[in-house]
Amino acid sequence: SDSAAHDLSRFYGFTGISVIPNGVDIKLFSAGSKSQSRKELGIPPHARVYLYASRVEPGKCPSFVHDWANALLPDEHLLVATDKPLTVTGRLTALVNVPREQMPRLFRAADAFLMPSYYEGCSYAVIEAMACECILVASPVGHAQDIILEQPIFMQCFEPARNANAFLDKARGLLDQSGLTTHIRMAGREYVLKHNTLERMGKAYDSLFRRLLLNGN
């Protein structure tokens, strides 16, 4: 991401950095049936569902999962997908090592994707959530800063506070505004189609390699 390139230049003195945003399969990661996805996952059909999908490491704030589980309202449900089991109880569905091709089902089942990371480069999870038209509530780090520059509406999706309840409150506030969330979902998909397709990523790498070969000669 541009923000990661800036950090490399600022803190490590790198120059001449080429930025190639990650790309996703936009046919695989797309909007789909929320009711069917929830049925397949065993999630209550009418619940408000929050998704946390991440590796279990300190920088991804997995401890927030415990806080969220304890703060859920009666009509809310937590969907968790991690690379290691978490010891959490409550109204939640916990999955481990979900294959990438099955992740769209999780994004479709969720009302909001929560990502309280301390640092990100160009997060695949963010791109995948946006491609599936899932509302994003994330820390304003990494690729998020690039998204804000082009789509200011996403300012409302980013939560700077390092507090689990702040993320839930942000998600609840967004989801209570149906008109706004519809706009955000469409803007997210539009952004991915413009910047994060596999085709675009492939062309960028091809262009970079050609430049390197020319400079090498």
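Located above this text is the structure these notes cover.
This one's a predicted model, so the numbers in the text were calculated from it and none came from an experiment.

What about the overall build of the protein chain?
Thought 1: Within the protein chain one finds 9 helices and 5 strands.
Thought 2: Its helices and strands taken in sequence order, the protein chain reads α-α-β-α-β-β-α-β-α-β-α-α-α-α from the N to the C terminus.
Thought 3: For 217 residues, the compact-globule formula gives about 17 Å, and the C-alpha radius of gyration of the protein chain, at 18 Å, lands near that figure.
Thought 4: Nonlocal contacts in the protein chain, meaning residues at least 24 apart in sequence, comprise 65% of its contacts between residues at least 6 apart.
Thought 5: Looking at the protein chain as shown, the accessible area adds up to about 11100 Å², and 54% of this sits on carbon and sulfur atoms.
Thought 6: Charge centroids of the protein chain, computed over 23 positive and 22 negative side chains, lie 3 Å from each other.

A word on the side chain of T197
Thought 1: With respect to the helices and strands, T197 occurs in the loop between α8 (178–195) and α9 (198–216).
Thought 2: Exposure remark for T197: the relative accessible area of 10% places this residue in the buried category.
Thought 3: Separated by 3.0 Å, the side chain of T197 and the backbone nitrogen of R200 make a polar contact.
Thought 4: If sequence neighbours within four positions are ignored, T197 has contacts with G23, V24, I26 and V192.

A short note on helix α7 (residues 164–175)
Thought 1: Look at α7: 17 Å from first C-alpha to last across 12 residues, which is about the 16 Å you get at 1.5 Å a residue.
Thought 2: On the buried face of α7, the contacting elements are β1 (48–54), α3 (63–71), β2 (76–82), β4 (112–115), β5 (135–138) and α8.
Thought 3: Among the residues of α7, the N-terminal cap falls to N163, whose side-chain oxygen and the backbone nitrogen of N165 are separated by 2.9 Å.

Comments concerning the packing of aromatic side chains
Thought 1: As enumerated under the stated definition, the model contains 5 aromatic pairs in all.
Thought 2: On the basis of an interplanar angle of 75° and a centroid distance of 5.8 Å, the ring pair of F64 and W68 is categorised as edge-to-face. Of this pair, F64 and W68 both sit in helix α3, 4 residues apart, roughly one helical turn.
Thought 3: Classification of F64 as buried rests on a relative accessible area of 8%.

Rules used in this analysis
- For every chain, the first residue of its written sequence is number 1, and the numbers climb from 1 along that sequence.
- Selection of residues for local features in this predicted model requires a pLDDT of at least 70, selection of side-chain atom pairs for listing and counting requires 80 or more, and totals for whole chains, interfaces and linings are taken over all residues.
- Derived side-chain values reflect all non-hydrogen atoms in the structure, with water molecules and hydrogen atoms excluded from consideration.
- Counting from the N terminus, the helices are the DSSP runs of H or I reaching at least four residues and the strands are the DSSP runs of E reaching at least two.
- We take the radius of gyration over the C-alpha atoms and set the globule estimate at 2.2 Å times the residue count to the 0.38 power.
- We call two residues in contact when some of their heavy atoms are within 4.5 Å.
- What sets the accessible areas is the Shrake-Rupley method with a 1.4 Å probe; for residues, cover comes only from the shown protein chains.
- Note on charges: Lys and Arg go in the positive column, Asp and Glu in the negative column, and His and the chain ends are not counted at all.
- Working definition for charges: the position is that of NZ of Lys, CZ of Arg, CG of Asp or CD of Glu.
- Each residue's exposure class comes from its accessible area (1.4 Å probe, protein chains only) as a fraction of the maximum for that residue type: buried when under 20%, exposed when over 50%, partly exposed otherwise.
- Polar contact criterion, stated in full: a pair of N or O atoms within 3.5 Å, where within protein one must be able to donate a hydrogen and the other to accept it, and residues adjacent in sequence count only if both atoms are side-chain atoms.
- Multiplying 1.5 Å by the helix residue count minus one yields the expected span of that helix.
- Here is the rule: rings of Phe, Tyr and Trp (six-membered ring for Trp) pair when centre to centre is within 6.5 Å. Planes less than 30 degrees apart are stacked, more than 60 are edge-to-face, and the remainder are tilted.

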